[in-house]
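Spelled out, the chains give:
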Amino acid sequence: MAVSKLVKYLLFNFNLWFFVGGICILSFSAYVRINKADFQITDELLPAVNLLIFAGAMTMAFGFLGCCGALQESRCLLAIFFMSLLVMFLMLLSVGVLGAISRTASSQEIVKKRMKDLLPLSEQPEDFQLAFQDVERTGFCCGFFVGHLDWGNATVVPDSCNCTDASRNCTVLEARKIFATPCMTYIFTWLDRLSETLMGIAFGFGILMILAMIFSLVLLCEMNSGHTSLI
């Protein structure tokens, strides 16, 4: 069968990259999902992360499938590979759309409204309080919107609000220095970075998938033309 070796090995190399890339996507998205409190993952972003986990796992499987199809010159495997890539491309496109939606003003207003429902912070479950205290230490901030007042009163403001960096914006609360900056700015900045990461991954692998689909179609066409010439 007169199949172009160049296209064959280009497709194999692309699928090898898909396999490695699938491992990277799966590892990163699973880590973010497990540590969603540390990454401040909201309910609006969670579907995108879950979809990315599924996309990473499927990319690994389809990368292996494509490698086998290219090496064995199997039309059946290549056809399955092409259709699978098309489905994966549409899924990654939806990840990018979800990431873009999470950055809109309306989406941010929904996040703010849900955060207001959590006030006062001192009445929330202990695991949530501990997770948010880590955010305060990392972001050098205190509370959601109005600083220490979001915790309720001065007696329940945790040590995570203590001003540990003199260069930061601090205030005095009953003989102790605490961060005066609310965490809302830090949280939204982090969400923007996470959204950009999700959209960047979706865009990068989307381009690779388009190229891989083109190579698989070329290989399928050459295999079919070779089969026809033999007949």
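Residues numbered from 1 in each chain as written. Predicted model: local features only at pLDDT ≥ 70, side-chain atom pairs only at ≥ 80, totals over all residues. Heavy atoms only, no water.

Going by the annotation in an unreviewed UniProt entry, the name recorded for the chain is Tetraspanin, with Champsocephalus esox given as the source organism. According to its UniProt record, the chain has this under Sequence similarities (unreviewed entry): "Belongs to the tetraspanin (TM4SF) family." (UniProt positions renumbered as here; feature names shortened; annotations may be inferred.)

J.: Can you lay out the environment of Leu-46 for me, pointing to particular residues and giving the numbers?
T.: Counting through the fold element by element, Leu-46 comes out in helix H2 (residues 46–72). In the structure, Leu-46 is positioned 14 residues away from Val-32 in sequence and 9.6 Å away in space, judged by C-alpha atoms. (Helix = DSSP H or I, 4+ residues; strand = E, 2+ residues; numbered from the N terminus.)

J.: Quick rundown of the pattern of salt bridges? Include the residues and the values.
T.: Opposite charge on two side chains permits pairing when their charged atoms draw close. Enumeration over the complete set of coordinates arrives at one salt bridge. One salt bridge in this structure joins Asp-134 and Arg-137, with 3.1 Å as the shortest N-O distance. In this pair, Asp-134 and Arg-137 are both assigned in helix H5 (residues 126–139), three residues apart and thus about one turn of the helix distant. With a relative accessible area of 37%, Asp-134 lands in the partly exposed category. (Salt bridge = Lys/Arg side-chain N within 4 Å of Asp/Glu carboxyl O. Buried < 20%, exposed > 50% of the residue type's maximum accessible area, 1.4 Å probe, protein only.)

J.: How would you summarise the UniProt feature "transmembrane region" (unreviewed entry) in the chain if you had to cite specific residues and measurements?
T.: The sites that carry the UniProt feature "transmembrane region" (unreviewed entry) are, in the present numbering, residues 12–31, 51–71, 78–101 and 198–221. Note that residues 12–31 is 100% helix and 0% strand, and that its end C-alpha atoms are spaced 29 Å apart.

J.: Could you give an account of the nonpolar core, naming the residues involved and the relevant values?
T.: One finds Leu-85 and Leu-92 to be the most contacted residues of the largest nonpolar core, which totals 27 residues. Residue assignment for this core shows that the elements contributing at least two residues are helix H1 (5–34), H2, helix H3 (75–101) and helix H6 (184–230). The dominant element in this core, judged by the number of residues it contributes, is H6, at ten residues. Excluding residues that lie within four positions of it along the chain, Leu-85 makes contacts with Phe-18, Met-209, Ala-212 and Met-213. Core analysis: the second largest hydrophobic core is formed by 21 residues, Val-111, Leu-121, Val-135 and Leu-173 among them. (Core = buried A, V, L, I, M, F, W, Y, C linked by side-chain atoms within 4.5 Å. Contact = heavy atoms within 4.5 Å.)

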